[in-house]
Amino acid sequence: MKILIINAGSSSLKYQLIQMHHEENPSLKTGSHPTHTVMAAGVVERIGDPMGKLTHKKFTGTATQDAPEKFIKEQEIKDHGDALHLAEEMIISPDSGVIASKDEIDAIGHRVVQGGEKFKASTRIDENVKKAIEENNPLAPLHNPPNLMGIEVAEKLFPGTPNIAVFDTEFHQSIPSQAYMYALPYDFYEKYKVRRYGFHGTSHKYVATTATELMQNAGNSKESLNLITVHLGNGCSICAVEQGKCVDTSMGMTPLAGVMMGTRTGDMDPAIQKYLSEYTDLTPEDLDEVFNKQSGLKGICGLNDLRDIHDAIAKGNEKAKLALEMFTYQIKKYIGAYTAVLGHVDGIIFTAGIGENDDIVRERVCQSLSGMGMVLDLQKNKGRISENKAIHAENSTVEIWVVPTNEELQIAREVVDVLT
């Protein structure tokens, strides 16, 4: 089954064509997932600007074995229709293509950020589903409208091909009410759906499932495990996963809550907004921009890339040092809190750009956690980690893993589940 994965942003469109194979994988003890081959992948950027850019990768074999051929096109890309049409051309072109016709595509999987309370699972898209996604636009005004636009464009370009919506919020629908409710007047929840929704759910679901299989294959005799999944990129979120189900997550009604991030504040006193609006000339809209795009690591030291922050620390930059200390301290606090929520923890799972590539962050997060049975092996932890790897010491009672996330593969799995 060939599945096209689409992730439409406000001015960009990412895509990936995956061949899903249905033979069982004997290396997995707990059930089996279809194996897969990445055929092509790409990103269209600067949609709507005078000059847009498409970067397309063609894989001649499996993505993990062969370096892809890269193709770049720079031209005006007026809208998402142009972007997806260009992606389609690259996929079927004699030079860059991997299939002869778009008719070979069996289904299209769409990432949708906010499913609200209406969607507790991935679902085949029809008019009612599109209407429900649109009704959730106020909960994700920057994400849901372009997600929906990508769906509508795909329906026109690939008539008759099933479209499946996979929601970032779906994995968090198992969170109990005492964890997702805010201590506000209850009417705010009933009338306006103010509650914790959580995000990065596709990533957390993928790494939790993968880590469970890895840990069981490595000799963990438990049939179900309690995990803390730590997704660290420019956006960061942490989940408490009890026996495969999410029971709490750090992001809230929006992706602003939780630990500090590249440019987002994370948790803070909500009265700060009123205070700043009274003593500065910043409007609520200005402050929203500050909290989302000028805060976090960038707000403390002016840098939001951890590589740059490490370089600045090496040169004696005290603000960069403070930013790193704040960042790792806050992650550690969430791990402690979720250990209490779960009662016991079997594994800590690091993933995403920082979680996979920054051994300094992983080491600092795990410092002083030996009292909870979490002991890092410093040698195993060294360097960037691009494959599934255990990094805990032999005397650690809690396993510590790095599991590279693969949201596109998880979306493809969801599509297969819906269609079969």
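Residues numbered from 1 in each chain as written. Predicted model: local features only at pLDDT ≥ 70, side-chain atom pairs only at ≥ 80, totals over all residues. Heavy atoms only, no water.

**Things to note about the environment of Ser-122**
Applied cut-off: Segments assigned H or I by DSSP are reported as helices when at least four residues long, segments assigned E as strands when at least two residues long, and all are numbered from the N terminus. We call a residue buried when its accessible area falls under 20% of the maximum for its residue type, exposed when it is over 50%, and partly exposed in between, using a 1.4 Å probe and counting protein chains only. Residue contacts follow a heavy-atom distance rule, with two residues in contact if any of their heavy atoms lie within 4.5 Å. Polar contact is defined as a pair of N or O atoms within 3.5 Å, subject to the rule that within protein one atom must be able to donate a hydrogen and the other to accept it, and that residues adjacent in sequence are counted only when both atoms are side-chain atoms.
Here Ser-122 shows up in the loop between strand S6 (107-112) and strand S7 (123-124). Owing to a relative accessible area of 11%, Ser-122 belongs among the buried residues under this scheme. Between the alpha carbons of Ser-122 and Phe-167 there is a distance of 6.4 Å; along the sequence they are 45 residues apart. Other than its neighbours up to four places away in sequence, Ser-122 contacts Ile-164, Ala-165, Val-166, Glu-170, Glu-414 and Val-418. Looking at Ser-122, its side chain comes within polar contact range of the side chain of Glu-414, at 3.0 Å.

**Regarding the sheet that holds strand S14 (residues 399-402)**
Operational definition: Pairing between strands is defined by DSSP: at least two bridges between the two strands are required. Angles run from 0 to 180 degrees between N-to-C directions of axes, and those axes are lines fitted to C-alpha atoms, restricted for helices to the stretch in contact.
Taken in spatial order, the six strands of this open sheet run S11-S10-S9-S12-S14-S13, and their pairing is mixed. The sheet is open, and its two borders are formed by strand S11 (245-249) and strand S13 (389-390), each paired with just one other strand. Both S13 and S14 contribute to a ladder of two bridges, which runs antiparallel. Among the inter-strand pairings, Lys-389 is bridged to a residue of S14, identified as Val-402. Helix H6 (residues 201-217) contacts strand S9 (226-232), strand S10 (236-242), strand S12 (347-351) and S14 of the sheet and is inclined by roughly 130° relative to S9.

**Concerning the state of the cysteines**
To keep things clear, this is the line we draw: In plain terms, two cysteine sulfur atoms within 2.5 Å form what is called a disulfide here.
Following the criterion strictly, the structure yields zero disulfides and no others. Summary of cysteine pairing: Cys-301 is not part of a disulfide, and the nearest cysteine sulfur, belonging to Cys-236, is at 14 Å. Here Cys-366 is not disulfide-linked; the sulfur of Cys-236 is the nearest cysteine sulfur, at 15 Å.

**Some words on the packing of helix H11 (residues 318-342) against helix H13 (residues 359-366)**
When two helices pack together, their arrangement is given by the angle between the helix axes and by the axis-to-axis distance. What counts here: Note that the term roughly parallel is reserved for angles under 35 degrees, roughly antiparallel for angles over 145, roughly perpendicular for angles of 65 to 115, and oblique for everything else. In this scheme, a crossing is called left-handed if the near helix is turned counterclockwise away from the far one by less than a right angle; it is called right-handed if the turn is clockwise. Gly is put with the polar residues, along with every residue not named as nonpolar or charged; the nonpolar set is Ala, Val, Leu, Ile, Met, Phe, Trp, Tyr, Cys and Pro, and the charged set is Asp, Glu, Lys and Arg.
Contact geometry for H11 and H13: axes closest at 8 Å, N-to-C directions at 50°. In terms of orientation, H11 and H13 fall into the oblique class. Handedness of the crossing formed by H11 with H13: right-handed. Contacts between H11 and H13 involve Leu-324, Glu-325, Phe-327, Thr-328, Ile-331, Lys-332 and Ile-335 from the former and Ile-360, Val-361, Arg-364, Val-365 and Cys-366 from the latter. Taken together, the residues that form the contact of H11 with H13 break down as eight nonpolar, one polar and three charged.

**A few points about the side chain of Ser-96**
Along the polypeptide, Ser-96 turns up in the loop between helix H1 (80-92) and S6. If near-sequence neighbours (up to four positions away) are discounted, Ser-96 is found in contact with His-56, Lys-58, Phe-71 and Met-90.

**Quick word on the layout of surface pockets**
Note the threshold: Only protein atoms enter the 1 Å grid used here. Points where a 1.4 Å probe fits but cannot escape make up a cavity, open sets with protein on both sides within 12 Å along at least five of seven lines make up a pocket, and a residue lines them when an atom lies within 4 Å of a point. Grid points are joined across faces, edges and corners, and a volume is the space filled by probe spheres set on the points.
The volume enclosed by the second largest pocket comes to roughly 350 Å³. Taken together, 14 residues line the second largest pocket, and the ones lying closest to its centre are Asp-305, Leu-306, Arg-307, Gly-353 and Ile-354. Breaking the lining of the second largest pocket down by element, the ones donating at least two residues are helix H10 (306-314) and helix H12 (352-357). Residues that form the lining of the second largest pocket fall into these classes: three nonpolar, seven polar and four charged.

**Considerations on the pattern of salt bridges**
Just so we agree on the cut-off: Whenever Lys or Arg places a side-chain nitrogen within 4 Å of a carboxyl oxygen from Asp or Glu, that contact is recorded as a salt bridge.
Taken as a whole, this structure holds 13 salt bridges when the rule is applied. The salt bridge partner of Glu-170 is Lys-205, with a shortest N-O separation of 3.4 Å. A residue pair is termed long-range when its members are at least 10 positions apart, and Glu-170 in the loop between strand S8 (163-167) and helix H4 (177-180) and Lys-205 in helix H6 qualify at 35 residues. A salt bridge links Asp-346 to Lys-222; the shortest N-O distance between them is 2.6 Å. Highlighted residues: Asp-346 in the loop between H11 and S12 and Lys-222 in the loop between H6 and S9, separated in sequence by 124 residues.

**Considering the pairing of strand S4 (residues 52-58)**
Taken across its seven residues, S4 has five buried, putting it largely inside the fold. Alignment of strand S3 (residues 35-45) against S4, held across six bridges, turns out to be antiparallel. Bridging from a neighbouring strand, Gly-42 pairs with His-56 of S4. Between S3 and the antiparallel strand that follows it, S4, lie six residues; Arg-46 among them carries a positive phi value of about 60°. In this sheet, strand S5 (residues 69-75) lies alongside S4 in antiparallel orientation, the contact comprising seven bridges. Across the sheet, residue His-56 finds its bridge partner in S5, namely Phe-71.

**Comments concerning a nonpolar patch on the surface**
Operational definition: Without a salt bridge and with relative accessible area above 30%, a residue can belong to a patch; like charges are then joined within 9 Å and nonpolar side chains (Val, Leu, Ile, Met, Phe, Trp, Tyr) within 5 Å. Note that accessible areas follow from Shrake-Rupley with a 1.4 Å probe, and for residues the cover is restricted to the protein chains shown.
On the surface, Leu-184, Phe-188 and Tyr-192 cluster together into a nonpolar patch covering about 310 Å² of accessible area. You can see Leu-184 is positioned in the loop between H4 and helix H5 (186-192).

**What about helix H3 (residues 144-157)?**
Short version of the rule: A helix's residues, less one, multiplied by 1.5 Å, set its expected span.
With 14 residues, H3 should cover 20 Å at 1.5 Å per step; its first-to-last C-alpha distance of 20 Å lies within 8% of that length. Within the sequence span of H3, burial applies to Asn-144, Pro-146, Asn-147, Leu-148, Gly-150, Ile-151, Val-153, Ala-154 and Leu-157. Considering only its buried residues, H3 is in contact with strand S1 (2-8), H1, S6, helix H2 (127-135) and S8.

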